[in-house]
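The lines below spell out each chain.
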Amino acid sequence: MTLWQNRDEALADVAKGIRKAVEELTPLTGPLSPAGATTNVAKGIRKAVEEPTPLTGPLSPAGATTVGQGITPGRLPPVWNVPHNRNLNFTGRESYLSDLHVALASRQAAVVTQAISGLGGVGKTQLAAEYAYRHAADYRIVWWVRAEEPATLAADYARLAVKLDLPEKNIPEQPIVVEAVWRWLGQHSGWLLVFDNASEPAHLRDYLPQGGVGHVLITSRNPNWRVISEPVSLDSMTSEEAVEFLLKRTGRTDEASALQLAEELAYLPLALEQAGAYIEETGKTIAGYLKLFRAQRQELLRLGKPVAGYEGTVATTWELSFQQVEKASPAAADLINLCAFLAPDGIPLSLLGGGGEHLPKRLAAAVKRELVFDQIVAALRRYSLVEMSGEALSVHRLVQAVIHGRLREAERRKWAEAAARLVNAAFPFDSDDVQTWPVCARLLPHAVAAAGQAERLKVASEATGRLLNRAGLYLKERA
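Note that the coordinates shown come from a computational prediction; the quantities given were computed from them, not determined experimentally.

Rules used in this analysis
Along every chain, residues carry numbers that run from 1 in the direction the sequence is written. Only residues with pLDDT of at least 70 are given local features in this predicted model, and only at 80 or more are side-chain atom pairs given and counted; all residues enter the totals for whole chains, interfaces and linings. Heavy atoms throughout the structure, all of them, feed into the side-chain values; hydrogens and water do not. What counts as a helix is a DSSP run of H or I of at least four residues, what counts as a strand is a run of E of at least two, and both are numbered from the N terminus. Working rule for helices: expected span equals 1.5 Å times residues minus one. Throughout, a contact is declared for two residues whenever any of their heavy atoms are within 4.5 Å. Lines fitted to C-alpha atoms define the axes here, with helix axes fitted over just the stretch in contact, and angles between the N-to-C directions of these axes take values from 0 to 180 degrees. Here the angle decides the label: under 35 degrees means roughly parallel, over 145 means roughly antiparallel, 65 to 115 means roughly perpendicular, and every other value means oblique. Definitions for this section: a left-handed crossing has its near helix turned counterclockwise from the far helix by less than a right angle. A right-handed crossing has that turn clockwise. In this classification, the charged set is Asp, Glu, Lys and Arg, the nonpolar set is Ala, Val, Leu, Ile, Met, Phe, Trp, Tyr, Cys and Pro, and all remaining amino acids, among them Gly, are polar. A pair of strands is labelled paired if DSSP reports no fewer than 2 bridges between them. Burial classes: relative accessible area under 20% of the type maximum marks a residue as buried, over 50% as exposed, and values in between as partly exposed (1.4 Å probe, protein chains only). A residue's pLDDT is the confidence the predictor assigns to it, expressed on a 0 to 100 scale.

> Tell me about helix α17 (residues 370–381), residues and numbers included.
Between its first and last C-alpha, α17 extends 16 Å over 12 residues, near the 16 Å set by a 1.5 Å rise per residue. Lining the buried residues of α17 we find α13 (314–328), α14 (330–339), α15 (349–353), α16 (361–367), β8 (387–389) and β9 (392–394).

In structure tokens form, the structure reads like this:
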């Protein structure tokens, strides 16, 4: 079967065949003008190609990357259920969108799957929705599936049977309908499935078509998707993207304040959108919101109504993740609580593993056993609450802020004391010795963060004093 690169090439090829056939048949059919017949037939062919192919019939042999040639750019495909309006304030992310398109369009003879992973609020769903809108003309079917819960996953997937008018669409047994949709997709091309907020690869095993030509996008907080695709880890915005978004979202022009606010919000898209919505509703300036945020950040992250394109505020978006971690691994919940009282980046695993005697009993027992410690880190990575880089952990600054806000006063004091004692024990006593400087440099941000929290909460005064003294000696020697 010929695979045409575009519609005009396909029409030209078909027209040649029609012309040849008409010219050969003319002597047998009487005085029929070959040129006229060819022209009329070609017009009919062109009209048929330009009209949408029936959804239950075979789609373009060129596959998903060219089937949309029959759809007018700017119009949505015949089957479309994306639950999000296009975000008019969508900003940046061009490299991610370009990479996704290249990855999905790289093959024309198979189902191509791509997973987008990252922290809640980093913009995974928004990126998937923007991709669907930008490339709507590449597909005849764009179907969005809420994949977080098994019930909605099955129901949304099975609902496609109605749009496809499959014979099984009204069968009460949902698994039969799911299988019918799965089988149809495996035999056709020109479709894009989006599984939004999926938990893990095993949950999608029965929903990923085999055969056919189509594309699958998955969004997930879980970064572990290599068993079915090469995952794309979505980071926060760049500073330039964040400033551009804030100015566009608010209609303000104060670039200096926008940059400071973007830094305070750690460039997290959900936090930026939440700030923009608050500024728009209250009429505040960006500088005014920045001042309020610095004074009441935990309240602003938690309060407010869900913003466009997201299911909740920054704090409520992460609350379910915290609860699920607490249920699955209490020691993992302890670890993320401890990390909230250290510097956000470069938390050495050696710091955690070597200071068990300064930690609460449950976490102390976990960090002493490498296998158990690996499991609690994995529990946090499953929700993108921490990132692993080499031999160190990193935690988003706003995750730290939200944890401070959700802990009771007694718990904050407990973890602040544990962090101060932990870093104090690890910080070299002879910090004025040049040989200790690499360790001092690695621990200095955590010394400053832990000491600051301990001083604010008035705990571990003796350990904090010693820690500040050692850090001071190091800084003095480094001038």
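We are not done yet, so read on.
> Could you give an account of the packing of helix α10 (residues 269–282) against helix α11 (residues 286–295), with specific residues and numbers?
Put simply, α10 and α11 touch, their axes get as near as 10 Å, and they point 120 degrees apart. As far as their axial angle goes, α11 and α10 are oblique. Crossing geometry of α10 relative to α11 is assigned as right-handed. Judged by residue contacts, Ala-275, Tyr-278 and Ile-279 of α10 engage Ile-286, Tyr-289 and Leu-292 from α11. Residues belonging to the contact of α10 with α11 are distributed by class as follows: six nonpolar, no polar and no charged.

> Now, about the sheet that holds β8: what can you tell me, with residues and values included?
In space, the three strands of this open sheet follow the order β7-β9-β8, with antiparallel pairing throughout. Every interior strand has two partners, whereas the edge strands, β7 (347–348) and β8, have only one. Two strands pair when backbone bridges link them, and β8 and β9 are joined in this way by three bridges, in the antiparallel orientation. Across the sheet, Ser-389 pairs through a bridge with Ala-392, a residue of β9.

> Run through helix α6 (residues 150–164), naming residues and quoting values.
Residue pairs spaced three or four apart in an α-helix point in one direction, given the helix's 3.6 residues per turn. A rise of 1.5 Å per residue sets the reference length of α6, with its 15 residues, at 21 Å; its end C-alpha atoms lie 22 Å apart and thus fit the reference within 8%. All buried positions along α6 are accounted for by Leu-153, Ala-154, Asp-156, Tyr-157, Ala-158, Leu-160, Ala-161 and Leu-164. The secondary structure elements touched by the buried residues of α6 are β1 (79–80), β3 (141–146), α7 (174–185) and β4 (189–196). One or two positions beyond α6, positive phi appears at Asp-165, with a value near 55 degrees.

> Mind laying out the packing of helix α8 (residues 239–250) against α10, listing which residues take part and the relevant values?
Two elements in contact, α8 and α10, have axes whose closest approach is 9 Å; the angle formed by their N-to-C orientations is 25 degrees. One way to sum up the angle between α8 and α10 is to call them roughly parallel. Crossing geometry of α8 relative to α10 is assigned as right-handed. Of the residues in α10, those touching α8 at Ala-242, Phe-245, Leu-246, Arg-249 and Thr-250 are Leu-272, Glu-273, Gly-276, Ala-277, Ile-279 and Glu-280. Taken together, the residues that form the contact of α8 with α10 break down as six nonpolar, two polar and three charged.

> Can you break down the pairing of strand β2 (residues 112–117) residue by residue, with the values?
Strand residues, when the strand is regular, have side chains that alternate between the two faces of the sheet. Of all six residues making up β2, six are buried, and the element is well covered by its neighbours. Side chains Val-112, Gln-114 and Ile-116 project from β2 onto one buried face, and the interleaved Thr-113, Ala-115 and Ser-117 project onto a second face that is buried too. Note: β2 against strand β5 (residues 213–220), six bridges, orientation parallel. Bridge pairing links Thr-113 to Val-216 in β5.

> Report on the confidence of the model for the protein chain, specifying residues and quantitative values.
Chain-level statistics for the protein chain give a pLDDT mean of 84 and a share of 82% at 70 or above. Confidence drops under a pLDDT of 50 for residues 44–70, and excluding neighbours within four residues, the segment shows 67 contacts in the predicted structure.

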